[in-house]
Each structure stands twice: as C-alpha cells, then as structure tokens.
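What follows is each chain in one-letter form.
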Amino acid sequence: MTGSEVPPSFRLAYVPGMTPTKWVRIWNERLAGVPLTLVAVTAAEAADALRHGDADAALLRLPVDRADLSAIPLYTETTVVVIPKDHVGAAVEELSVADLADEIVLHPLDDTLEWERPPGRPAFERPATTADAVELVAAGVGLLVVPQSLARLYHRKDLTYRPLTAPDEEPSAAGPESALSGPSVPGSRVALSWPEARTTDLVEEFIGIVRGRTVNSTRGPKKAPVAQEAAGRPTRGGGGAARGASAGGSKSGGTKSGGTKSGGAKGGGPRSGARSGGAKGGARTGGGTGAGGGRSAKGAKGGRSTGGGKGSGRGTAKRGRPGRAS
C-alpha cells in the first residue's frame, strides 16, 4: 500500500437521543474490515458535519435542507411531557395538550419539535438547551415536551414522563368544517441523511442495514435466471428422446416412445425385449387378462403365455435371448 492510499472507513454522526448500537453491530459483522466511527453532534451541527466532510452519513431529526442532502425517513418518535414524579400528572397514563393549559411549558432553543402553537404558558426565558430545560423541570420551574428518546437520555430519578396526546376535535355551531381543536402534537421524525454528491458504496451499505436488508440482498434488479437449455438441463416433458438415446432405453423416449414397447428396432436388453411385441424373447404380450392362452409374438426360444382359468393372464415362460428386429 502506497502512502497515498487510505484504508476505507465510515463515519456516522448522530444527534442526542439516537441509539445506533444495533446498526453498528450489524455493520461490524458484515464489513469487519471497514471500521465504523461514531461522531456525536448536536442537532444544529448535524447538517454542517455532512457538508464539511466530518461524517459520511448522519442519524438526525427532520427537517433537513434537501438542496444538497439526501434523507431517508426511518421512524417517528412518540412525543412525551417530562414532569416531576410528585406532579399530579404522574397519576395518569397519558396527558393531553388541554391538561397543560395552565402549566408553564419550557421551550428550549434547541427544541426539535415543530409546533404550530406550543402548549401551556410560555416561560419568562427560553432555556438554551434541552439539558438545561430538564434541570429546570427538576427545580419545579415548569414542564418540558420532548421526543421520548430525549426524555430517556436525560432521565433523572426525581422525574418521569407521560405520552402527550392532542385533544379530541369538537365541531362548532358553524359546522364540522370549522371544527375547533387545541394544538396538534408534532412527532419527531428520525432520518438517515448524507451528502447527495457523495453517495458512496459504503453509504449504500449502511442504507441497506438500516432498511433491514439481509446480507444476501441486492440493491439492483435481480439477474434473469439462466435458461435451462443453456445449462444443459432438459425441461419437464421435453428432451426425452435425447436422454433415451444416451441412456439406452429410458421411460421418456427409449422404452415407451420409440424403443421396446412400441415394437421398434432393438430393445434395451432382455427385459425390454420381454415387453416388446416385435423383438424376440417376449414373454407377457400374448397372455393378457380375460382372454385365453396364446403364443407370444415371434419369440425365439421364448415361452408360451398360457391364460389363467379366470382370466388372470399369468403365464410361465422361459426367458429368451434378445433377438433382432423383424
């Protein structure tokens, strides 16, 4: 390896709350020779890390600028409200936006949720980060609405969280089209993003992993199957004559079609001659069932086939040598 050659590697950036552990494990199993490096970035830094070449791909939250970045949405997180454990809301399984109407709800500057109208009453000052907002919740200053992964990331023993739901819509007197409702609850959409101009083979490999492709999956169209004729494998119902010629009396074309049973030329041996009507050495062609006894057709040194009393058709005959065709 010359000094200018750089061994392949893959750098994956991820924002707070993301857990790429499973995908990293699969990568290490499939591409053991290509090390994967994790790069922790803030939500505000993720896009620039891709543009500046600090990462090959990133797990981040939408939206992203699609002018130069590609993105594949992966899933949408549940939105929850972080509350103190002694809060009245801790006694229920979920809270609605209406339940927060009289509460101070913190809205940090790095909030990842796109609100049309944030719930609750705004705080006097917006915290700089989500981590700062969690500290304020623990101090009893207010509540915080975040994606569930961030609630888990900043978990504290004195805090808990509950799923946040939107209130049911209630139609007004003006009709159903002017239904009144509280603010909807946005979800945080997680995506895999990378620079569109640098869609490398390693990026494609990681896309396959996060999409659940198996190791044997292919990204392109499946190849057409090789024709059976080209592979030398006869298809069902065809090519029997060829096999019969090489095998010397098979069922496809040698025995039943053009060989012994239809009275052709030479049979495939004493046994095939025994069932032939035209070759010597026939034994069972004369007996039949239900008729009387009779001679076999031109059997040289062959035996007779004597009919059974009740049409059994059994007979005794000497096995003859195969003769030549008449």
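What comes next concerns the included structure. One numbering rule holds for all chains: residues counted from 1, following each sequence as written. Per-residue local features of the predicted model are confined to residues with pLDDT of at least 70, and side-chain atom pairs are confined, for both listing and counting, to 80 or more; whole-chain, interface and lining totals are unaffected and use all residues. Excluded from the side-chain calculation are hydrogens and water; included are all heavy atoms of the structure.

Each helix and strand counted, the chain has nine helices and 13 strands in total. For the chain, the residues scored as buried account for 34% of the 326 residues in total. In the chain, the share of contacts with a sequence separation of at least 24, taken over all contacts with a separation of at least 6, comes to 59%. Here the chain has roughly 20200 Å² of accessible surface; of this, 51% comes from carbon and sulfur atoms. Helix and strand assignments come from DSSP, with helices taken as H or I runs of at least 4 residues and strands as E runs of at least 2, each series counted from the N terminus. Think of it in three bands: residues with accessible area under 20% of the maximum for their type are buried, residues over 50% are exposed, and the middle band is partly exposed, with areas taken using a 1.4 Å probe on protein chains only. By the convention used here, residues are in contact when the closest approach between their heavy atoms is within 4.5 Å. Surface exposure here means Shrake-Rupley accessible area, sampled with a 1.4 Å probe, where a residue is shielded only by the protein chains that are shown.

What follows deals with the pairing of strand β2 (residues 36–40). Paired strands, as defined in this entry, are two strands with at least two bridges between them according to DSSP. In the sheet, strand β1 (residues 10–14) pairs with β2 via five bridges, with the strands oriented parallel. Looking at the pairing, A13 lines up with V39 of β2. Chirality of the crossover, the property in question, places the unit of β1, helix α1 (residues 21–30) and β2 among those that are right-handed. Note on handedness: a crossover is taken as right-handed if, strands pointing away from the viewer, the path from the first strand over the helix to the second is clockwise.

Moving on: the side chain of S70. Mapped onto the elements, S70 comes out in strand β4 (residues 69–77). You can call S70 buried: its relative accessible area is 17%. The contacts of S70, once residues within four sequence positions are left out, are L192, S193, W194 and E196.

So, on to the packing of α1 against helix α5 (residues 201–210). What describes two packed helices is the angle between their axes and the distance between those same axes. Structural elements are reduced to axes, namely lines fitted to C-alpha atoms, with helices fitted over the stretch in contact, and the angle between N-to-C directions of any two is expressed from 0 to 180 degrees. α5 packs onto α1 with a crossing angle of 125 degrees between their chain directions and a minimal axis gap of 10 Å. Judged on the interaxial angle alone, α5 and α1 are oblique. In the packing of α1 onto α5, the handedness of the crossing is right-handed. Of the residues in α5, those touching α1 at W23, I26, W27 and R30 are L202, E205, F206, I209 and V210. Relative orientations are named as follows: roughly parallel for angles under 35 degrees, roughly antiparallel for angles over 145 degrees, roughly perpendicular for angles from 65 to 115 degrees, and oblique for any other angle. The crossing is said to be left-handed when, going from far helix to near helix, the turn is anticlockwise and less than a right angle, and right-handed when the turn is clockwise.

All right, on to the packing of aromatic side chains then. Pairing of aromatic rings covers Phe, Tyr and the six-membered ring of Trp, with a centre-to-centre limit of 6.5 Å; geometry is then stacked below 30 degrees between planes, edge-to-face above 60, and tilted otherwise. The final tally for this structure, using the stated rule, is three aromatic pairs. The interplanar angle of 25 degrees and the centroid separation of 4.9 Å between the aromatic rings of F10 and W27 together place this pair among those described as stacked. Of the two residues, F10 is situated in strand β1 and W27 in helix α1; the sequence distance between them amounts to 17 residues. Classification of F10 by relative accessible area gives buried; the value is 1%. Within the aromatic cluster, the residues linked to one another by ring pairs are F10, W27 and F206.

The next point concerns the sheet that holds strand β5 (residues 79–84). Strand order in the open sheet formed by six strands is β6-β10-β5-β9-β7-β8, with mixed pairing between adjacent strands. Of all strands in the sheet, those with a lone pairing partner are β6 (95–96) and β8 (121–122), marking the two edges. Summarising the sheet, β5 and strand β10 (residues 159–165) pair through five bridges and their orientation is antiparallel. When the sheet's bridge partners are listed, V82 is paired in β10 with Y161. Of the strands in this sheet, β5, β7 (104–106), β9 (143–147) and β10 touch helix α3 (residues 130–138), which is tilted by about 140 degrees from β9.

Here we come to the sheet that holds β1. Here five strands make up an open sheet; going across it, the order is β2-β1-β3-β13-β4 and the pairing mixed. Strands with a single pairing partner mark the edges of an open sheet, and in this sheet they are β2 and β4. On average, adjacent strands in this sheet sit at an angle of 20 degrees to one another, irrespective of strand direction. Judged from the three bridges that link them, β1 and strand β3 (residues 57–61) form a sheet pairing that is parallel. When the bridges of β3 are listed, L12 appears paired with A57. The strands touched by α1 within the sheet are β1, β2, β3 and β4, with β2 carrying the most contacts at an inclination of about 160 degrees. Across the sheet, α5 lies against β1, β2, β4 and β13 (188–195), angled at about 160 degrees from β13, the strand it touches most.

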